[in-house]
Amino acid sequence: MSSQILNHEELKQISREIRKQVVLSQGGGMTGSNSEEFDKALLDQIEEVCFSKEFSRRLSVQELKTVIDTVFNQMRRHDVIEPLISDASITEIMINGPDRIFIEKNGSVELTPLAFESRERLEDLIQSIVSRVNRSVNEADPVVDARLEDGSRVNVVLPPIALNGPLVTIRKFPDKPMTMDDLIRYNSVTSEVAEFLEKLVGAKYNIFICGGTGSGKTSFLNALSSLIPKNERIITIEDSAELQLSGIENLARLETRNANTEGRGEIKMKALIKTSLRMRPERIIVGEVRGEEALDMLQAMNTGHDGSMSTGHANSTADMLSRLETMVLMAAPPPP
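Note that this is a predicted model, so its numbers are computed, not measured.

Chemist: Any chance you could explain the overall build of the chain here in plain terms?
Modeler: On a plain count of helices and strands, the chain comes out with 11 helices and 11 strands. Taking the principal axes of its C-alpha atoms as reference, the chain extends roughly 70 × 55 × 35 Å. In the chain, buried positions account for 45% of the 336 residues. Long-range pairs, those at least 24 residues apart, make up 53% of the contacts in the chain between residues at least 6 apart in sequence. When the accessible surface of the chain is summed, it comes to about 18,100 Å², and 51% of that surface belongs to carbon and sulfur atoms.

Structural data, given as structure tokens:
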């Protein structure tokens, strides 16, 4: 073993050996608890096993820490991408199979040297992520949207749809929701525009935000929501909960649900919009409309729920209006 930083193959072999011994000593019961005490006990056990190995005498302090962190992240966190998730400067993580992990940082995309131990380890992580939000993904239903505990948005595509192995895209959001003051500081809007938008929100104008992928629609929606009077009752409806509304006490959050393995139990956004009308909302905020739910959203906006907001994908405001027309037509019954 060299005294330099471990290469990928060495780290993979060592972490597999330690993880196997820890699991055997635990009787396979590694996923029962989420308590901090459990995590600390597990970390202590990993350290004990690591230091008992012959190779530990030839590793530097930094290498030992790398091994211990790797095993702990594999068993309790997000495996090799845990450091990427913890890095606030990274805004997107793109996993193209087990050995091709890209990140977006400071506006540029780059390939990382990280790789999963195996395709099975990546698949295990995917199942862990989607199961935490009561969703499922498999070959029969290979596409799913989910989220992490911190609110980061996760999209998963599995083979046979994905040709180069499981694909995972994680869109991270800042710990602190974007405010209008932040947008002014970043020169995204002027103070005059911010003042105008505040008047629109206060006067309960319906607002629709459009833009391309990664253009900041959700961040802008969060900033606009910070202008809503704090005493209003707000209902949010999303495919995968990611809005970060701050300062609103009377907030009800709804999230769609996929069908189970038997094809039952699906709850679409259209149904949630209808349900929200019976929950005495003063405003309804829909994370994003993509289809026939646009009709229900527009009807809600025009039936006593002024001040509602939503987002959609489009290149311009004119294109968004055209898309809304198309989505409303999707809700029309088929001709006889």
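Back to the text.
Chemist: Is there a simple way to think about the packing of helix α1 (residues 8-26) against helix α3 (residues 61-76) in this case?
Modeler: Any two packed helices are characterised by how steeply their axes cross, that is the angle between the axes, and by the distance between the axes. Two numbers describe how α1 lies on α3: the axes approach to 9 Å, and their chain directions differ by 60 degrees. Looking at the two axes, α1 sits oblique to α3. When the axes of α1 and α3 are compared, the crossing they make is right-handed. Touching L11, I14, S15, I18, R19, V22 and V23 of α1 are T66, V67, T70, V71, Q74 and M75, all from α3. Residues that form the contact of α1 with α3 fall into these classes: 8 nonpolar, 4 polar and 1 charged.

Chemist: Looking at this model, I keep getting lost on the sheet that holds strand β11 (residues 309-313). Mind explaining?
Modeler: Strand pairs in the sheet, formed through backbone hydrogen bonds, run parallel or antiparallel to each other. Taken in spatial order, the 5 strands line up as β7-β11-β10-β8-β9 in an open sheet, and their pairing is parallel. Whereas interior strands pair on both sides, the edge strands pair on one side only; in this sheet they are β7 (207-211) and β9 (251-255). Going across the sheet, the axis of each strand differs from the next one's by a mean of 20 degrees, ignoring polarity. Two strands pair when backbone bridges link them, and β7 and β11 are joined in this way by 5 bridges, in the parallel orientation.

Chemist: Explanation requested: the packing of α1 against helix α2 (residues 36-52) in the structure shown.
Modeler: Two elements in contact, α1 and α2, have axes whose closest approach is 10 Å; the angle formed by their N-to-C orientations is 125 degrees. By the criterion of interaxial angle, the relationship of α1 to α2 is oblique. Read as a crossing pair, α1 and α2 show a hand that is right-handed. Here α1 contributes I18, Q21, V22, S25 and Q26 to the contact with α2, which in turn contributes L42, Q45, I46, V49 and C50. Split into classes, the residues belonging to the contact of α1 with α2 amount to 6 nonpolar, 4 polar and no charged.

Chemist: Quick question: what am I supposed to make of the packing of aromatic side chains here?
Modeler: We describe a pair of aromatic rings using the distance from one ring centre to the other and the angle between the two ring planes. All told, the structure shown has 0 aromatic pairs when counted by the stated rule. R185 extends its terminal NZ or CZ atom over the ring of Y186, reaching a point 5.4 Å from the ring centre.

Chemist: Looking at this structure, I do not really get the pattern of salt bridges. What am I missing?
Modeler: Two side chains carrying opposite charge are able to pair once their charged atoms lie near each other. Applying the stated rule across the entire model yields 22 salt bridges. The shortest N-O distance in the salt bridge between E54 and R57 comes to 2.7 Å. Through salt bridges with shared partners, a single ionic network connects R16, R19 and E117.

Chemist: Quick question: what am I supposed to make of the environment of S276 here?
Modeler: Structurally, the position occupied by S276 is in helix α9 (residues 269-276). Judged by relative accessible area, which is 0%, S276 ranks as buried. Between the alpha carbons of S276 and L197 there is a distance of 25 Å; along the sequence they are 79 residues apart. Leaving out residues up to four positions away in the same chain, S276 has contacts with I235, I237, L254, P281 and I284.

Chemist: Just checking my understanding: could you explain the side chain of D79 for this structure?
Modeler: Mapping D79 onto the fold places it in the loop between α3 and α4 (82-86). Note on D79: relative accessible area 5%, which makes it buried. Once you skip the residues sitting within four places of it in the chain, D79 turns out to touch N73, Q74, F116 and R121.

Chemist: Mind showing me how you'd approach unusual backbone geometry here?
Modeler: In terms of backbone geometry, most residues other than glycine have negative phi values and most peptide bonds are trans. For the bond running from P159 to P160, omega is 10 degrees, close enough to zero to count as cis. Within the fold, P160 resides in the loop between β5 (153-157) and β6 (167-171). In the Ramachandran plot, N134 falls in the positive-phi region, its phi being about 55 degrees despite a non-glycine side chain. Of note, N134 is situated in the loop between α5 (119-131) and β4 (143-147). The phi dihedral of N187 falls on the positive side, at around 60 degrees, and the residue is not glycine. Considering the arrangement of structural elements, one finds N187 in the loop between α6 (180-185) and α7 (191-202). Since its relative accessible area comes to 70%, N187 is described here as exposed.

About the criteria used
- Residues numbered from 1 in each chain as written.
- Predicted model: local features only at pLDDT ≥ 70, side-chain atom pairs only at ≥ 80, totals over all residues.
- Heavy atoms only, no water.
- Helix = DSSP H or I, 4+ residues; strand = E, 2+ residues; numbered from the N terminus.
- Buried < 20%, exposed > 50% of the residue type's maximum accessible area, 1.4 Å probe, protein only.
- Contact = heavy atoms within 4.5 Å.
- Areas by Shrake-Rupley, 256 points an atom, 1.4 Å probe, with all protein chains shown as cover.
- Axes fitted to C-alpha atoms, helices over the stretch in contact; angles between N-to-C directions.
- Parallel < 35°, antiparallel > 145°, perpendicular 65-115°, else oblique.
- Left-handed = near helix turned anticlockwise from the far one by under 90°.
- Nonpolar A, V, L, I, M, F, W, Y, C, P; charged D, E, K, R; others polar.
- Pairing = 2+ DSSP bridges.
- Phe/Tyr/Trp six-rings, centres within 6.5 Å; stacked < 30°, edge-to-face > 60°.
- Lys NZ or Arg CZ within 6 Å of the ring centre and 35° of its normal.
- Salt bridge = Lys/Arg side-chain N within 4 Å of Asp/Glu carboxyl O.

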